[in-house]
Structure formats: C-alpha cells, structure tokens
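Below, each chain spelled out in residue letters.
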Amino acid sequence: QVQLVESGGGLVQPGGSLRLSCAVSGSIFSIYAMGWYRQAPGKQRELVAHITSASGGATDYADSVKGRFTISRDNDKNTVYLQMNSLKPEDTAAYYCNTVPAGRLKYDYWGQGTQVTVSS
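Residues numbered from 1 in each chain as written. Predicted model: local features only at pLDDT ≥ 70, side-chain atom pairs only at ≥ 80, totals over all residues. Heavy atoms only, no water.

Considering the overall build of the chain
Line of reasoning, step 1. Secondary structure assignment for the chain yields 0 helices and 10 strands.
Line of reasoning, step 2. A compact globule built from 120 residues should have a C-alpha radius of gyration of about 14 Å, and the chain, at 13 Å, falls within 12% of that.
Line of reasoning, step 3. In terms of overall dimensions, the chain has C-alpha extents of about 40 × 30 × 20 Å along its principal axes.
Line of reasoning, step 4. Put simply, the chain has 120 residues, and 44% of those count as buried.
Line of reasoning, step 5. When contacts within the chain are restricted to residue pairs at least 6 apart in sequence, long-range pairs at least 24 apart make up 55% of them.
Line of reasoning, step 6. Accessible surface for the chain amounts to roughly 6,100 Å². Of this, 47% is attributable to carbon and sulfur atoms.
Line of reasoning, step 7. Here the chain contributes 11 positive and 9 negative side-chain charges, whose respective centroids are spaced 1 Å apart. (Helix = DSSP H or I, 4+ residues; strand = E, 2+ residues; numbered from the N terminus. Rg over C-alpha atoms; globule rule 2.2 N^0.38 Å. Buried < 20%, exposed > 50% of the residue type's maximum accessible area, 1.4 Å probe, protein only. Contact = heavy atoms within 4.5 Å. Areas by Shrake-Rupley, 256 points an atom, 1.4 Å probe, with all protein chains shown as cover. Lys, Arg positive; Asp, Glu negative; His and termini not counted. Charge placed at Lys NZ, Arg CZ, Asp CG, Glu CD.)

This is how it looks when you write it as structure tokens:
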C-alpha cells in the first residue's frame, strides 16, 4: 500500500530553518521524480521544489524559494528532504511531498502533510 509520510514541520521565527522529510513506502520510489508542494489557507497547492529520479539528481525551484530551499533524496532510504533556510512568514503553509507530476504513485493520493508556521 502506497504511503507518503511527511514530518519535520513546526513553528519557527522569521529567518529560521527547518528540515522536512518524506518517507515513501509501497512503491518503487527511485524511478519517480519527486517534489515538495505547499498549500497556504485559501490558496491553491503549488509545487515549490522538485528533483529528478536519481539521488543527487537535477533540481528546480519556484522563484519564491530559490536560493533558500534545497531538495534532496536518498533512494536507499526511500526518503525525500526539503531543507528550508531564511524562512519568511509567507512560507507558512502545509507542505506535502508527491511525485512530479503528482499522483503517479497512486492516483489522487496525498499524505497528511506537515505544517510549517513562520511567525515571531
């Protein structure tokens, strides 16, 4: 059974850092490009970072997080990470991982997400 389990969120002050993790089970993780998405209240979910299938693969970022966020993956551990530095209040959102495009592991499936709140 496919599962995406995100963790690592929390409350952090502006300028702070967090590292998110996403453990993937029930599928062949290594063949898929993966991404981190976020959804703020009242807004659509957006893709903020993505990485190709290989560990150490090519990465790409939304302009709003470029230079502050770093996505990585460990195919031996079936895990994808998001290192978030220099956090801003506008980064506040629920963060989710999924394939890119979303739903390739399981149609229309999302994990529970992890909440990131940036506030003083």
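Some words on the state of the cysteines
Line of reasoning, step 1. Counted according to the given criterion, the structure contains 1 disulfide.
Line of reasoning, step 2. Covalently, Cys22 is tied to Cys97 through a disulfide, its sulfur atoms 1.7 Å apart. Here Cys97 lies in strand β9 (residues 93-99) and Cys22 lies in strand β3 (residues 18-25), a separation of 75 residues in the sequence. We note that Cys22, like Cys97, is buried. (Disulfide = S-S within 2.5 Å.)

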